[in-house]
Amino acid sequence: MQKIRAQLDAQHIIDLEAQYVVHTYPRPPFVLTHGEGVYLYDSAGNAYLDFVAGIAVNALGYGDAELTAVISEQAGQLIHVSNLYHTAPQAELAARLCERSFADRVFFNNSGSEANETAIKFARKWARANHGEGKTQIVAFSSAFHGRTTGALALTPREKYQAPFRPLLPGAVIAPFNDAEAAAQVIGPETCAVIVEPLQGEGGIHEAAPEFLRALRALCDEHGAALIFDEVQCGVGRTGTLWAHEPSGVTPDIMTLAKPLAGGLPIGAALVTGAIADVIHPGDHGSTFAGGPLVCRAAGVVLDRIAQPQFLARVAELGAYFKARLEALDSPLITDVRGRGLMLGIELTIPATDVVEAGYAHGLLLVNAGPNVLRFVPPLIIEKAHVDELIEKLNRILSTMEKQA
Ligand SMILES: Cc1ncc(COP(=O)(O)O)c(C=O)c1O
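Here's what I pulled together on the structure shown here.

Here the focus is the pairing of strand 17 (residues 373-376). On strand 17, burial covers both faces: Val373 and Arg375 on one face and Leu374 and Phe376 on the other are all buried. Bridge analysis of strand 14 (residues 343-348) against strand 17 gives 4 bridges, and the strand direction is antiparallel. In the strand pairing of strand 17, Ile346 is matched with Leu374. Where strand 16 (residues 367-368) lies against strand 17, 2 bridges are found, and the strand directions are antiparallel. Note that in strand 17 the partner of Val367 across the bridge is Arg375. Hairpin connection from strand 16 to strand 17: 4 residues lie between these consecutive antiparallel strands, with Gly370 at a positive phi of about 85 degrees.

Below, the structure is given as C-alpha cells:
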C-alpha cells in the first residue's frame, strides 16, 4: 500500500513538472528522494548505484556526516550577505585554493559556465591592458564543452547547442583538439586566450596529450595570450591528482573550477595568477551570490578531504582497477576505453543512451558523453565492491544488447 501510494505521488510530481517546468531535460520516470553513500533512492524505495554523481559533482557521495554538519552549522550562522562585506569562509577557501595550486588569487562564481565567463573577461582585460585594443580572439578546441552561457557557448563547438542562439560571442576560433601544428596556425598576435580541458568530459572523455598542453603553453607565451585550463569537470581530485593538469607539468594562467568543489552546492571559481589579478579592479566584475559563506564553508570541507594524499592515491588506485575491469569486458559493442582516475568512458557501437536507459531497471545510474560514449564519474568515495557491482550489471546489460543487435 505504502509503495503504491509513493508511486502515485511520483506520477503527480512528473505531471506537475511536465506542466510547469520548461522542457529542456528528458528524465526517466521516477522521482529521487534521498541518497546514502553512493546509492540514490526513489519514492518507491528502489535503490540505484550512482555512477553519475550529479554529473561529476557529488564527490563525497550522499549524506556525508562532516559535510552535512558543517552546512547545517553554517546555515544557522550565516548563509548570504553579498560581496559587499567580508566573511571568513570566502577568504579561507581562496587561501586554501591558492596554497594548493599555481594561483595567486581567486574570483568566485556560481557555476562552471560563469567561471569560464570570468576567465574570458579577465583574459580580455589583461590583453587590453598589456597590448591595447584588438587582441580579443579566443581559441578553443573541437569536442570541447565550456558551458551554455553565450560566451562559453561560443567556445563549445556543437552545432545543436549553438545554432538556435547565434550570434554568439565574437572572436571565438575552434581548432582541432590535440593537434599542436593546427593550434600554431591559429594562435597569433590577436589571440588573448586559449581555453582547453586537460581531460574533455562532455565531448567524449578525450585526454589532452601532455605535449599538446606544453605546445599550447609555448604558443601562449610567444604571443602574449592567457592559457586557461577548464577543470570544471576533471579538477578537484577526479583524475587521481588534485588538478588534472598536474602530470603534464604545465601550469595555466587561469584555471576554472566548479562541479565538485562545494559537494553539491552551486559554486564556480576562476583561479588566476597575480599578473591577471593585477589588471582587475573594483567594479570590473561581480556576482550577488558568489563566494557566499555557506557554499565556501562547504567547499573548505570538500577541498580539505580530497586534497589529502591518501584520498587522491585511493582515487588513482580505484580508477586503475576500474579501467582494467572495463578493458577486460569482452563485448563486441565496446570499441574503446578511455580516461583517467574516476573519469572514465567507453565508446560503443550503439547509442550510449540505450545503455543508460537499460541501467534504470538494473538499479544503475549512468550518463553518456556525446552519442556513443558511456561516461563514468561516480562519487570519489566508491569502493572496489561498487566497481564490481557496476561491472557485473553493465556486463548483463551489454550481453542482452549484443543478442538484440
Ligand atoms: C568542462 C566543463 N566546463 C564547463 C561546464 C559548465 O558548467 P555548468 O553546467 O556548471 O555551468 C561543464 C559542465 O558540464 C564542463 O564539463
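A separate point is the packing of aromatic side chains. One pass over the structure, following the stated rule, counts 8 aromatic pairs. On the basis of an interplanar angle of 75 degrees and a centroid distance of 5.7 Å, the ring pair of Phe177 and Phe212 is categorised as edge-to-face. Of this pair, Phe177 sits in the loop between strand 6 (172-175) and helix 8 (180-186) while Phe212 sits in helix 9 (residues 210-223), placing them 35 residues apart in sequence. Comparing Phe177 with Phe212 shows no difference in burial state: the two are buried. Aromatic ring contacts, followed pair by pair, group Phe30, Tyr48 and Tyr360 into a single cluster. Its guanidinium or amino end placed over the ring of Tyr161, Arg148 lies 4.0 Å from that ring's centre, counting from NZ or CZ. Here the guanidinium or amino end of Lys384 rests over the ring plane of Tyr321, the centre of that ring lying 4.6 Å away.

Moving on to the site of the ligand. Close to the ligand lie 13 residues; Gly112, Ser113, Asp230, Gln233 and Lys259 are nearest. At 3.3 Å from a nitrogen atom of the ligand is found a main-chain nitrogen or oxygen belonging to Phe145. The contact in question runs from an oxygen atom of the ligand to an N or O atom on the side chain of Gln233, over 2.8 Å. For the ligand, the protein covers 83% of the area, taking 390 Å² as the surface of the free molecule. Sort the elements by how many residues they give to the shell around the ligand and helix 5 (residues 112-131) lands first, with 3 residues. Looking at the shell around the ligand residue by residue, the class counts come to 2 nonpolar, 7 polar and 4 charged.

Turning our eyes to something else, we now look at the nonpolar core. Counting 66 residues, the largest nonpolar core has Phe376 and Leu394 as the members making the most contacts within it. The dominant element in this core, judged by the number of residues it contributes, is helix 11 (residues 293-306), at 8 residues. Viewed by domain, this core spans two of them, domain 1 (2-63 + 309-404) and domain 2 (65-306), each represented by three or more residues. Sequence-distant contacts of Leu394, that is, excluding residues within four places in its chain, are made with Leu326, Leu329, Ile346, Val355, Leu364, Leu366, Leu374 and Phe376. Formed by 21 residues, the second largest nonpolar core is a distinct cluster that contains Ile228, Ile254, Ala270 and Val272.

Cut-offs applied
Residues numbered from 1 in each chain as written. Predicted model: local features only at pLDDT ≥ 70, side-chain atom pairs only at ≥ 80, totals over all residues. Heavy atoms only, no water. Buried < 20%, exposed > 50% of the residue type's maximum accessible area, 1.4 Å probe, protein only. Helix = DSSP H or I, 4+ residues; strand = E, 2+ residues; numbered from the N terminus. Pairing = 2+ DSSP bridges. Phe/Tyr/Trp six-rings, centres within 6.5 Å; stacked < 30°, edge-to-face > 60°. Lys NZ or Arg CZ within 6 Å of the ring centre and 35° of its normal. Near = heavy atom within 4 Å. Polar contact = N/O pair within 3.5 Å; in protein donor to acceptor, adjacent residues only side chain to side chain. Areas by Shrake-Rupley, 256 points an atom, 1.4 Å probe, with all protein chains shown as cover. Nonpolar A, V, L, I, M, F, W, Y, C, P; charged D, E, K, R; others polar. Core = buried A, V, L, I, M, F, W, Y, C linked by side-chain atoms within 4.5 Å. Domains from an automatic or database assignment. Contact = heavy atoms within 4.5 Å.

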